[in-house]
Amino acid sequence: MFRLLKPKSPAVPASPDAPVDVESSVAAPAAPAPSWRERLFGGLARTRAQLGGKLKSIFARGKVDDALLEELETLLITSDVGIEATQFLLDALKARAKKEKLETPEAIQSALKEAFVTLLSPLETPLAVAGHKPFVIMIAGVNGAGKTTSIGKLAHHFQAGGKRVLLAAGDTFRAAAREQLVTWGERNSVDVITQESGDPAAVVFDAINAARARNIDVVLADTAGRLPTQVHLME
Ligand SMILES: Nc1nc2c(ncn2[C@@H]2O[C@H](COP(=O)(O)OP(=O)(O)OP(=O)(O)O)[C@@H](O)[C@H]2O)c(=O)[nH]1
Ligand SMILES: [Mg+2]
């Protein structure tokens, strides 16, 4: 019932939706095209420059007053930090400012950084996949959040740790999603279980059966984008 796509050639992981540089393949020798890593870090540098610039101007106020907290709140929420986490960070910064008189941009920045570390470090636990075989990870989330890209990265990570990986193309909502995952599979030399059409659950079911038969350690299942608050879609 299912189609198994064998990887064509091993290669380094790269963004499947990266633009194809047609010109460089036909034109006379030109400057080498930037690698995937260079393009990724270039994109991240732009984000960092924009966000960092805004943060810098907020910290430059030099004291934790209502205006600073308000600007910081807006920036955190618009950067998808989330309401609860933003409130935690603002409260922590306010309490620290009251106790320690934060009066320089550096002191405010370092207090915010520590509040972030307090918030995030309990979540930093190793992902132990040895307890189940296959260990199945279903990636769910909002459209465009980076699910399929993360699957590519995770596949590479698990393979580097000596695990056998299989991908399940459970985003059956649009054909391009399947092709995107297949490209990631090719880049990591990992098999991808797909179906021409149909039910995401059937694809994942097939993938798990295939994984059992082939002694696979980890199955990574892609899904179509959806809001986690849409309970019926999540179910
Ligand atoms: N800067 C940055 N971009 C990312 C990251 N992960 C993914 N992207 C980019 O975000 C876009 C969407 O990534 P996908 O992996 O296709 O997202 P998705 O959640 O699978 O999207 P849907 O399948 O449409 O719901 C692509 O252009 C990716 O290159 C990341 O960690 N950082
Ligand atoms: Mg996707």
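These numbers were taken from a predicted model, which means no experiment stands behind them.

Notes on the confidence of the model for the chain
Regions with low pLDDT should not have their predicted coordinates read in detail.
Right, on to step 1. Taken as a whole, the chain shows an average pLDDT of 84; of its residues, 87% reach a score of 70 or greater.
Right, on to step 2. At the level of individual helices and strands, the chain shows its lowest average pLDDT in helix H1 (residues 22-26), which scores 42, and its highest in strand S5 (residues 218-221), which scores 97.
Right, on to step 3. Within the model, the stretch residues 1-27 combines pLDDT values under 50 with 53 contacts to residues more than four positions away or in other chains.

Quick word on the side chain of Asp171
Right, on to step 1. Relative to the helices and strands, Asp171 resides in the loop between strand S3 (165-168) and helix H7 (175-188).
Right, on to step 2. Although Asp171 is buried, it makes no salt bridge; Arg174 carries the closest opposite charge, 4.2 Å away.
Right, on to step 3. In terms of polar contacts, Asp171 uses its side chain to reach the backbone amide nitrogen of Phe173, at 3.1 Å.
Right, on to step 4. Each residue touching Asp171, except ones within four places of it in the same chain, is listed here: Ala177, Arg178, Asp222, Thr223 and Ala224.

Overview of a nonpolar patch on the surface
Right, on to step 1. On the surface, a cluster of nonpolar side chains totalling about 260 Å² of accessible area is made up of Leu40, Phe41 and Leu44.
Right, on to step 2. You can see Phe41 is positioned in helix H2 (residues 36-59).
Right, on to step 3. Taking the relative accessible area as the measure of exposure, Phe41 reaches 46% and is therefore partly exposed.

Parameters and conventions
- Residues numbered from 1 in each chain as written.
- Chains lettered and ligands numbered in written order.
- Predicted model: local features only at pLDDT ≥ 70, side-chain atom pairs only at ≥ 80, totals over all residues.
- Heavy atoms only, no water.
- pLDDT = per-residue confidence, 0-100.
- Helix = DSSP H or I, 4+ residues; strand = E, 2+ residues; numbered from the N terminus.
- Contact = heavy atoms within 4.5 Å.
- Buried < 20%, exposed > 50% of the residue type's maximum accessible area, 1.4 Å probe, protein only.
- Lys, Arg positive; Asp, Glu negative; His and termini not counted.
- Salt bridge = Lys/Arg side-chain N within 4 Å of Asp/Glu carboxyl O.
- Polar contact = N/O pair within 3.5 Å; in protein donor to acceptor, adjacent residues only side chain to side chain.
- Patch = residues over 30% accessible without salt bridge, like charges linked within 9 Å, V, L, I, M, F, W, Y side chains within 5 Å.
- Areas by Shrake-Rupley, 256 points an atom, 1.4 Å probe, with all protein chains shown as cover.

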